[in-house]
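Chain by chain, the residues:
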Amino acid sequence: MASIMDPSFDREGPESTQHKLLICAAPRTSSNMLARALMAAGIGLPAEYFNPSFCLDAAERWGCPAPSHNHETTRDYLACLQMRRSMNQIFACKLQFWQFQRFLTNPVGQGLFDGAKVVFLLREDIMAQAASFAVALETDNWETAAEVEPLPDDAPLREDLVHRSCEDMLHEEGSWRRFFLLAGIKPLVLPDRVVNRDTRRAVTEIADLLEVKADLAGLDTYLEGAKRYGTFSTRKDRYKDYSAEVFGDRAFDYEEYNFKTQLKRVVGKKVTGLLKRG
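Residues numbered from 1 in each chain as written. Predicted model: local features only at pLDDT ≥ 70, side-chain atom pairs only at ≥ 80, totals over all residues. Heavy atoms only, no water.

> What exactly am I supposed to notice about the environment of L122 here?
Mapped onto the elements of the fold, L122 is located in strand 3 (residues 117-122). Through-space distance from the C-alpha of L122 to that of A26 is 7.5 Å; in sequence the pair is 96 residues apart. Contacts of L122, omitting those with residues within four sequence positions, involve T29, E173, R177, V189, L190, P191 and D192. (Helix = DSSP H or I, 4+ residues; strand = E, 2+ residues; numbered from the N terminus. Contact = heavy atoms within 4.5 Å.)

Next up, the structure:
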């Protein structure tokens, strides 16, 4: 099956939007699995519409401006997006925090969240999440159905990807939590194990949240033939173990939690008055 971002999923004519569904998640939280299940159940066409890999081409295809730091162009893009990517009067969008931060920290973003139902996807095993992210970065394989070049499981592991992956996962999840707190949003929280092991339940909970009827027959047909994400499983296990080795000694390291040490890392070596007063 083609990616939901594929132009073949563009709607031919404008469609009104009665419901908005925003799926907020860090990478590697089974959001692609959930998005395909929701589409099969007739609940929108969820995709990362503010990922530059989609929005730049889509804006050119639809003859509208691409989103940018200028909230007026982002507003025009969103209006076009909702017309061309709503289904059954539902506009569904996946968002990673860096996308929100780049394009939607403005009145357009506030309007998008206004009246929307929000789902927050979590992965309970953050080491497994970071390992999956590291392998995705290594292989550029982000979707279950993607064709990927073979990579030997015993190929050398990259410590730089371990650091980046762990830090990115912590930042993404923590940033969403802070945003929800500041915005007074209480999202529907779905762990990835529910999405993967009880997909029907996850879709039903979202349908109930939106107060719409899910096409469970269509969902079941999709699930019967759905490909589960098992690519590079051995390599992911190696990265998971490696991450524990890289970070394990830091867990009980005083310097890791010392405010002055952290400040020096951020500001640099020339920290004078503030540290002296401390």
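> What is the right way to read the confidence of the model for the protein chain from this model?
Low-pLDDT portions of the prediction should not be read for the details of their coordinates. Looking at the protein chain, pLDDT values average 86 and 85% of them are 70 or higher. Residue range residues 269-278 is modelled with pLDDT below 50. Its contacts to residues more than four positions away, or to other chains, number 8 contacts. (pLDDT = per-residue confidence, 0-100.)

> For this particular structure, what's the right way to read the nonpolar core?
If you look at soluble globular proteins, the nonpolar side chains tend to sit buried side by side. Among the nonpolar cores identified, the biggest contains 39 residues, and Y49, F50, Y77, L81, F113 and W176 are the most heavily contacted of them. At 5 residues, helix 2 (residues 52-62) tops the list of elements feeding residues into this core. When near neighbours in sequence (up to four residues on either side) are disregarded, L81 contacts Y49, F50, F54, W62, S86 and F91. (Core = buried A, V, L, I, M, F, W, Y, C linked by side-chain atoms within 4.5 Å. Buried < 20%, exposed > 50% of the residue type's maximum accessible area, 1.4 Å probe, protein only.)

> Help me understand the sheet that holds strand 3 in this model?
One key point about sheets: their strands pair by backbone hydrogen bonds, in either a parallel or an antiparallel sense. The sheet built from 4 strands is open, its strands ordered 2-1-3-4 with parallel pairing. Every other strand in the sheet has two partners, leaving strand 2 (90-95) and strand 4 (188-191) as the edge strands with one partner each. With direction set aside, neighbouring strand axes in the sheet form an average angle of 20°. As judged from the 5 bridges shared by strand 1 (residues 19-25) and strand 3, these two strands associate in the parallel manner. (Pairing = 2+ DSSP bridges. Axes fitted to C-alpha atoms, helices over the stretch in contact; angles between N-to-C directions.)

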